[in-house]
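Examination of the molecular architecture
What follows is each chain in one-letter form.
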Amino acid sequence: MLPVESVQLRTEILNWRDQNYEKIHDRLARELMVLFSSLDSEIKKMEYKDIFLNGAEYSKAHFQPVYTAWVEREIREIVEDVEADLRKVVTSKSFQFTHNSAQEAYDGSSSCGTEVATATLASAGALVAIPAFASWSAVSAGGIAGWLGVTVISWPVVIAGIAVGGGLLALSGSKWANLKENVHKSIEKNIRASIRQQVLGNKENNSVCQRLHGHLDKVTNAILEEIPA
Amino acid sequence: MIDSIPFKVPLEFAAGLADGSITRIGTLLKDTATGQIVAHVQETGVAQNLLQGISSTPFMALGGLDLASSGYANYQLAQLKTMVEGLQVLQYANLGVALAGIGVSVIGFSMINKRLKLIERQVAEMGARIEQHFSDLSQSMLRHHYYQVQTLFEMAGQALCLKNPDRELLAVASQLGNESGYFRGEVTYMLSKENFDPELFLSLTRSYTLCNAGRLECLMLARELPAAKKVAQDVGSHYRSLFDPLVPNRIAINMLPIEERWLESSSIKLKQIQGEVATLVQGVRDATEAALTKPYLIDTLIEKDIDGYEYIKTLREEKSNPLYLLTAT
């Protein structure tokens, strides 16, 4: 029979996974507005020559750093939050877990990142290594691209293309006085649509959110396998 | 007879549960400090009669149940209130635990059949949706299995009129194992698809859990407690495999048309679906926890040398209390 404490711990781990699935999604959806606001400021600075002559270079030089910094900050804060929630579960009084302070740097070889805790399940008397969701130092050492895949931090080439294409499209039927504003709005709209897909979700299943959810699944399964049966 | 089995009522543990000295896990209560099991939650026939009247909302939050509109007469309404209060004392949030039977199922074979007929009718009304979810599953195949299961429960009911029903009950239990496997297979297949239909999922899951509840009841009545314990363990393990991967956020996103999934304008709709799915997932998770702790109850019956047939019979014949706690110490 599954030890009674294992039944309880399983439920708490599953609840942790479910809550963080939602939290990651909601946080990214909310914080996208901050990113869009920052990008809008950069877009408004675009002159005609930037739009029509060197849109791709401008995009890479001015938009990409904003996006990359945002993604790194969000992933770092998400990793810290999810990990803190996991620690609350495994260190809760009822399970009498004790943590091992030794942390190994993430080398990209493990499916679950570092193992940061050892635990004693009181009734089962078994030692269990509880895999961490991730530690930010380990993730940053190995690189986010190595951890979640290169797509989550790369500035999509398609966006640069869309920016210029959208700008050209906005030329048609515009009055000269409103032209720049229309072009900016068109670029904003296209960039937002592309980024939403890259951050929240897409058919290829490789957005920031989908990759983080995938990692959450892997860690959950690894923990459930470690719980004494 | 009830006096010969060490039962208590939920209120006797209310103080311990409230101050945290007793913790409920699934359907068992344990001493928080020592980890020792102190009691097991056990339904009676009264509980199952009452649940029948509100079974259209199996995962309704206890706090949200509109007892007055249940259509029960005063006496039954008072019993229903007692049951809901008992479940609340035991810190259950919804009726998910009842899906797999609270403790050992004492639902009775004729009542199982009533429920199955209702589910079968609901499934029949989903004709086109079944085609959409199961390209290789026809209505006639499902109908065949529902008739098969209903016949088995009739046979189990008839067996109880025999002088020695054990052999017949064991044969029914064995065949119910096959039918349980059939429904498990369909639920597994359905969950492997990206589209999720909560209503169809619930219908198939309830059919599956009713097969398991009836199978255990047969084994208990045939006094085969070690076999019942093994079946309960296996069922718990199957529930884990089936229901652990269910994540409300993922299911809710997949329930939206693909072109709407990540749009800002879909966020309110997504939240609404997510809330509904979360209630459902919480329900099956409570049922899984209940299933995982059921072998402990059977273990207690074995340790205390309580006869399986008498145990079920006593609980079925109970007229006033919907819930008991079988003390383990």
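1. Comments concerning the overall build of chain A
For chain A, the count of helices and strands is eight helices and three strands. Reading the helices (α) and strands (β) of chain A from amino to carboxyl end gives α-α-α-β-β-β-α-α-α-α-α. A burial count over chain A gives 51% of its 229 residues as buried. With the model as given, the accessible surface of chain A reaches about 10300 Å², and the carbon-plus-sulfur share is 52%.

2. What to know about the pattern of salt bridges
Residue and element names in this part refer to chain B. Throughout the structure, instances matching the rule amount to 25 salt bridges over all chains. Close ionic contact of K230 with D234 constitutes a salt bridge, the shortest N to O distance being 2.8 Å. Taken together, the residues span about one helical turn, with K230 and D234 both in helix 9 (residues 225–243) at a distance of four residues. We classify K230 as partly exposed; its relative accessible area is 46%.

3. Remarks on the packing of helix 1 (residues 4–44) of chain A against helix 10 (residues 248–255) of chain B
Look at helix 1 of chain A against helix 10 of chain B: their axes get within 7 Å of each other, and the N-to-C directions meet at 55 degrees. Considering the angle they form, helix 1 of chain A stands oblique to helix 10 of chain B. Together, A:D18, A:Y21, A:E22 and A:H25 of helix 1 of chain A and B:P248, B:N249, B:R250 and B:I253 of helix 10 of chain B make up the contact between the two elements. Its residues assigned to classes, the contact of helix 1 of chain A with helix 10 of chain B comprises three nonpolar, two polar and three charged.

4. Focus: the sheet that holds strand 3 (residues 28–31) of chain B
Residue and element names in this part refer to chain B. Pairing is antiparallel across the open sheet formed by five strands, whose spatial order is 1-5-4-3-2. Looking along the sheet, the strands with just one partner apiece sit at the ends: strand 1 (7–8) and strand 2 (22–25). Bridge count between strand 4 (residues 37–43) and strand 5 (residues 323–327): five bridges; the pairing is antiparallel. Looking across to strand 5, one finds that A39 is bridged to T327.

5. Focus: the packing of aromatic side chains
Residues and elements named next belong to chain B. Overall, the coordinates contain 10 aromatic pairs over all chains when judged by the stated rule. Ring geometry for F196 versus F201: centroids 5.2 Å apart, planes at 45 degrees, classification tilted. Look at F201 and you get buried, because its relative accessible area is 0%. One aromatic cluster is present, built from ring pairs that chain together F196, F201, Y208, Y239 and F243.

6. Concerning the interface of chain B and chain A
Contacts between chain B and chain A engage 33 residues on the former and 27 residues on the latter. Both faces combined, the contact of chain B with chain A buries some 2500 Å², and carbon together with sulfur accounts for 57% of it. Of all residues in chain B, B:W262, B:R285 and B:Y296 give up the largest surface area on contact with chain A, accounting jointly for 25% of the area buried on that side. The interface formed by chain B and chain A includes six salt bridges. As a salt-bridge pair, A:D217 and B:R250 come within 2.9 Å of each other at their nearest N and O atoms. The tally of links from chain B across to chain A stands at 13 residue pairs in polar contact (both at pLDDT 80 or more). Sorting the residues of the side of chain B that touches chain A by element identifies strand 2, strand 3, helix 9, helix 10 and helix 11 (267–303) of chain B as the ones contributing at least two each. Among the residues making up the side of chain B that touches chain A, the classes are represented as 16 nonpolar, seven polar and 10 charged.

7. Let's talk about the confidence of the model for chain A
Residues and elements named next belong to chain A. This prediction gives chain A a mean pLDDT of 76; 72% of its residues lie at or above 70. The least confident element of chain A, judged by mean pLDDT, is strand 1 (residues 97–99) at 35; the most confident is helix 1 at 94. In this model, residues 96–128 is a region of pLDDT below 50 whose contacts with residues beyond four sequence positions or in other chains number 84 contacts.

8. Comments concerning the pairing of strand 4 of chain B
Looking along a regular strand, one sees side chains alternate from face to face of the sheet. Residues and elements named next belong to chain B. Counting buried positions along strand 4 gives seven out of seven residues, so the element sits mostly inside the fold. Bridge count for strand 3 against strand 4 is three bridges, and the pairing is antiparallel. If you follow K30 over to strand 4, its bridge partner there is I37. Between the end of strand 3 and the start of strand 4, which pair antiparallel, lie five residues, with G35 showing a positive phi angle near 80 degrees.

The rules behind each value
Residues numbered from 1 in each chain as written. Chains lettered and ligands numbered in written order. Predicted model: local features only at pLDDT ≥ 70, side-chain atom pairs only at ≥ 80, totals over all residues. Heavy atoms only, no water. Helix = DSSP H or I, 4+ residues; strand = E, 2+ residues; numbered from the N terminus. Buried < 20%, exposed > 50% of the residue type's maximum accessible area, 1.4 Å probe, protein only. Areas by Shrake-Rupley, 256 points an atom, 1.4 Å probe, with all protein chains shown as cover. Salt bridge = Lys/Arg side-chain N within 4 Å of Asp/Glu carboxyl O. Axes fitted to C-alpha atoms, helices over the stretch in contact; angles between N-to-C directions. Parallel < 35°, antiparallel > 145°, perpendicular 65-115°, else oblique. Contact = heavy atoms within 4.5 Å. Nonpolar A, V, L, I, M, F, W, Y, C, P; charged D, E, K, R; others polar. Pairing = 2+ DSSP bridges. Phe/Tyr/Trp six-rings, centres within 6.5 Å; stacked < 30°, edge-to-face > 60°. Buried area = accessible area lost by both parts, 1.4 Å probe. Polar contact = N/O pair within 3.5 Å; in protein donor to acceptor, adjacent residues only side chain to side chain. pLDDT = per-residue confidence, 0-100.

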